[in-house]
Amino acid sequence: MHFMHHPVDSPYRATGPVFVGEGATRRVYRGGGVPPSLAKRSLSLRAYDAKGFLSAATLCHGSDVSTEIDALLEDERTDSLHVHYSAPGCFACLVERQ
């Protein structure tokens with residue numbers, strides 16, 4: 001389905017395809033937990049500030065995603081992170097500061 005995953009008033013406003021499996025439920029992972037669907041793929045991490053502007057980005061393998069997330073969140077400007085599957089570019093999930 002088509003999904004607006006970055007509904008902000010900035011040039012980085014974004015929509016794209018999201019694939020939702022039958023019986024899917026919302027999950028919240030905390031404390032370094034990485035969903036299996038992320039742990040086995042190459043990922044793009046995009047850091048956004050509170051106004052929705054891109055402040056940093058990196059590529060990583062899913063096995064390193066926790067470390068990369070922590071590094072991007074060290075920057076105080078980072079309000080949230082978007083995780084995308086690298087090759088197709090599809091939005092995978094949102095990472096928010098706690």
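Scroll up for the structure.
A brief report on the enclosed structure follows. (Residues numbered from 1 in each chain as written. Predicted model: local features only at pLDDT ≥ 70, side-chain atom pairs only at ≥ 80, totals over all residues. Heavy atoms only, no water.)

**A closer look at the overall build of the chain**
So the rule is basically this: Put simply, DSSP marks the helices as runs of H or I at least four residues long and the strands as runs of E at least two long, and each gets a number from the N terminus on. The globule rule used for comparison is 2.2 Å times the number of residues to the exponent 0.38, while the radius of gyration itself is calculated over C-alpha atoms. Here's how the labels work: a residue is buried when its accessible area is under 20% of the maximum for its type, exposed when over 50%, partly exposed in between, all with a 1.4 Å probe on protein chains only. The contact criterion used is simple: two residues touch if any of their non-hydrogen atoms lie within 4.5 Å. Residue burial considers only the protein chains on display, and all accessible areas are found by Shrake-Rupley using a 1.4 Å probe. Residues counted as positive are Lys and Arg, residues counted as negative are Asp and Glu, and His and the chain ends are not counted. Each charge is placed at NZ for Lys, CZ for Arg, CG for Asp and CD for Glu.
Looking only at helices and strands, the chain has two helices and six strands in total. Relative to the compact-globule value of 13 Å for 98 residues, the chain shows a C-alpha radius of gyration of 13 Å, a close match. Within the chain, the fraction of its 98 residues that count as buried is 31%. At a minimum sequence separation of 6, the contacts of the chain that also span at least 24 residues come to 45%. A total accessible area of about 6,600 Å² is found for the chain, and carbon and sulfur atoms account for 51% of it. On the chain, the mean spot of the 10 positive side-chain charges and the mean spot of the 11 negative ones are 6 Å from each other.

**Overview of the layout of surface pockets**
Threshold: With a 1 Å grid spanning the protein atoms alone, the term cavity applies to any set of points in which a 1.4 Å probe fits but cannot get out, the term pocket to an open set with protein on both sides within 12 Å along at least five of seven lines, and the term lining residue to any residue with an atom within 4 Å of a point. Grid points are joined across faces, edges and corners, and a volume is the space filled by probe spheres set on the points. Amino acid classes used here: Ala, Val, Leu, Ile, Met, Phe, Trp, Tyr, Cys and Pro are nonpolar; Asp, Glu, Lys and Arg are charged; the rest, including Gly, are polar.
Put simply, the second largest pocket is a space of about 180 Å³. Lining the second largest pocket are 16 residues, with His 5, His 6, Ser 80, His 82 and Leu 94 sitting closest to its centre. Where the lining of the second largest pocket is concerned, the elements lending two or more residues are β1 (2–6), β5 (80–85) and β6 (91–96). Its residues placed into classes, the lining of the second largest pocket shows seven nonpolar, five polar and four charged.

**Observations regarding the sheet that holds strand β3 (residues 42–48)**
Here is the rule we go by: Here, strands pair whenever DSSP counts at least two bridges between them. For helices, the fitted axis covers only the stretch in contact; all axes are lines through C-alpha atoms, and the angles between them, taken along N-to-C directions, range from 0 to 180 degrees.
With antiparallel pairing, the four strands of this open sheet are ordered in space as β4-β3-β5-β6. The open sheet has two edge strands, β4 (54–61) and β6, and neither has a second partner. Strand-to-strand twist across the sheet, computed as the mean angle between neighbouring axes with direction ignored, equals 20°. Examined bridge by bridge, β3 and β4 share seven bridges and lie antiparallel to one another. Along β4, the bridge assignment pairs Ser 44 with Leu 59.

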